[in-house]
Amino acid sequence: RELKDALTSLNPRREIPLSLSAVFMDTPEHGIVLTNSVRVANDSLSYGPIKGKAGAAVDVVGVVVNDRGKPVGSFQTRLNINAVGGDGDKQKLSGTIYNNRLPLGPGLYQVRVAARDANSGQMGSAQQWIAIPDLKSRRLTLSSLLLDVQNVSASETGVDNSGIPQVQFSVDHRFTRNSRLTFMAFIYNAIRAENGKSLPALSIQARLLRRGRVVQTGPLRKVEVGSQDPMRILCGGEISLESIPAGHYVLEVLVTDASNQTSTSQRTRITIDDGARG
């Protein structure tokens, strides 16, 4: 009941810091898939002895509704989390991530998630809107941006699983000053030149905005298409956060196809911190 109330509340619960990242990608097997990633801050949880080790348990629920408020998907799980690094900085900066994947058609959706500490009863919740485009329109389109993609293991996330390394991207979109922010995305509907033989002439560039003003611009790079499927072209790059003050920003990535003078872009919010993160 508490989780249901938190899902429908207009005001987010913040006893447990909870981050949500909803991203879409088009896959050959399932078409468009919405990945909902939830990050729970480990240092906000209540730990107790579990099978001889210090651990915590968190119940996570989520629902995806369309623009008419009708549910189109849901998920729920219990996360069993091991204590990481005692009471030091490693524990304070660590987080546990849960990913849910849901095949969806084009449209406007809202993702709502809530989490409850099974020991203390404390709650956290978050919401995010996401628009999924209609790729059948054949317009040049960019997937959601995946930031700071890396391989992670069970020992790094704190979740009990098989221990097999997995690919994970940033969920809370928080980065340190004077670092380099890396990103990846997929380009859809990049058509070939008029003669039907030449590859699309794609370029990519990122810039950082604050209150609508550009504060940092990354290098303009050519996208190496090679033998990639022109319907799903992997691209990426980076932008320097050197000398960028701490605060909230928008990362914008622009892709241009010079072969037919079209372009597309994608944006996401990020936060730059002064301190280190884990």
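Our subject is the structure listed above.
Residues numbered from 1 in each chain as written. Predicted model: local features only at pLDDT ≥ 70, side-chain atom pairs only at ≥ 80, totals over all residues. Heavy atoms only, no water.

**Student:** Tell me about the overall build of the chain, residues and numbers included.
**Tutor:** Regarding its fold elements, the chain presents three helices and 20 strands. Out of the 278 residues in the chain, the part that is buried amounts to 46%. A separation of at least 24 residues holds for 68% of the contacts in the chain among residues at least 6 apart in sequence. Summing over all exposed atoms, the chain offers an accessible surface of approximately 14700 Å²; the carbon and sulfur share of this is 47%. (Helix = DSSP H or I, 4+ residues; strand = E, 2+ residues; numbered from the N terminus. Buried < 20%, exposed > 50% of the residue type's maximum accessible area, 1.4 Å probe, protein only. Contact = heavy atoms within 4.5 Å. Areas by Shrake-Rupley, 256 points an atom, 1.4 Å probe, with all protein chains shown as cover.)

**Student:** Account for empty space enclosed by the protein, naming residues and giving values.
**Tutor:** Gaps left between atoms are located by rolling a probe of water-molecule size over the structure's atoms. Taken as a whole and assessed by the stated rule, the structure comprises one cavity of 30 Å³ or more. In this model, the largest cavity occupies a volume close to 40 Å³. Forming the walls of the largest cavity are F183, I204, Q205, A206, G218, P219, R221, G237 and E238. Counting only elements with at least two residues in the lining of the largest cavity, the list comes to β15 (202–210) and β18 (233–240). Of the residues contributing to the lining of the largest cavity, the split by class is four nonpolar, three polar and two charged. (1 Å grid on protein atoms, 1.4 Å probe; cavity = no way out; pocket = protein on both sides within 12 Å on 5 of 7 lines; lining within 4 Å. Points joined across faces, edges and corners; volume = space filled by probe spheres on them. Nonpolar A, V, L, I, M, F, W, Y, C, P; charged D, E, K, R; others polar.)

**Student:** How would you sum up the packing of aromatic side chains? Please name residues and give values.
**Tutor:** Per the counting criterion, the structure on display carries one aromatic pair. Relative to Y98, the ring of F75 lies with its centre 5.9 Å away and its plane at 40°, an arrangement referred to as tilted. Highlighted residues: F75 in strand β5 (residues 71–82) and Y98 in strand β6 (residues 95–103), separated in sequence by 23 residues. (Phe/Tyr/Trp six-rings, centres within 6.5 Å; stacked < 30°, edge-to-face > 60°.)

**Student:** Mind laying out the nonpolar core, listing which residues take part and the relevant values?
**Tutor:** Of all hydrophobic cores here, the largest spans 33 residues; its most connected members are L34, L45, V60, V64, L104, V111 and V113. Taken together, the elements giving at least two residues each to this core come down to β1 (18–27), β2 (31–41), β4 (53–66), β5, β6, β7 (107–117) and β8 (123–132). For this core, the element with the highest residue contribution is β1, accounting for six residues. Excluding anything up to four places from it in sequence, V60 contacts V38, F75, Q76, T77, L79, A114 and A115. L140, F175, L241 and L251 belong to the second-largest nonpolar core, a separate cluster that totals 27 residues. (Core = buried A, V, L, I, M, F, W, Y, C linked by side-chain atoms within 4.5 Å.)

**Student:** Run through the sheet that holds β1, naming residues and quoting values.
**Tutor:** Backbone-to-backbone hydrogen bonds pair the strands of a sheet. The strands run either parallel or antiparallel. One open sheet accounts for three strands, arranged β1-β2-β6; its pairing is antiparallel. What marks the edges here is a single partner per strand, and that holds for β1 and β6. Between one strand axis and the next, the sheet turns through 20° on average, direction left out of account. (Pairing = 2+ DSSP bridges. Axes fitted to C-alpha atoms, helices over the stretch in contact; angles between N-to-C directions.)

**Student:** Quick one: what's the story with unusual backbone geometry, residue by residue and with numbers?
**Tutor:** The backbone of R138 shows a phi angle near 70°, a positive value even though the residue is not glycine. Inspection of the secondary structure assignment puts R138 in the loop between β8 and β9 (141–142).

**Student:** With reference to specific residues and values, describe the pattern of salt bridges.
**Tutor:** Applying the stated criterion across every chain, the model contains eleven salt bridges. Its salt-bridge partner being D59, residue R78 comes within 2.8 Å of it at the nearest N-O pair. Of this pair, R78 sits in strand β5 while D59 sits in strand β4, placing them 19 residues apart in sequence. The partner of R267 in a salt bridge is E252, with the nearest N and O atoms 3.0 Å apart. (Salt bridge = Lys/Arg side-chain N within 4 Å of Asp/Glu carboxyl O.)

**Student:** Summarise the side chain of T264; cite the residues concerned and give the values.
**Tutor:** Along the chain, the position of T264 falls in strand β20 (residues 262–273). Using a relative accessible area of 12% as the deciding quantity, one classes T264 as buried. Not counting residues within four places of it along the chain, the set of residues in contact with T264 comprises L140, T141, L142, V253, L254 and V255.

**Student:** Pulling in residues and values, what's your account of the pairing of β15?
**Tutor:** Two strands pair when backbone bridges link them, and β15 and strand β19 (residues 247–257) are joined in this way by eight bridges, in the antiparallel orientation. Looking at β19, one finds that I204 is bridged to V255. Here β15 pairs with strand β17 (residues 221–222) via two bridges, running antiparallel. Across the sheet, the residue bridging to I204 is R221, located in β17. Summarising the sheet, β15 and strand β16 (residues 213–217) pair through four bridges and their orientation is antiparallel. Each residue of the ladder has a partner; that of L209, found in β16, is V214. Where β15 folds back onto β16 in an antiparallel hairpin, the turn is made up of two residues, including R211, whose phi is positive at roughly 55°.

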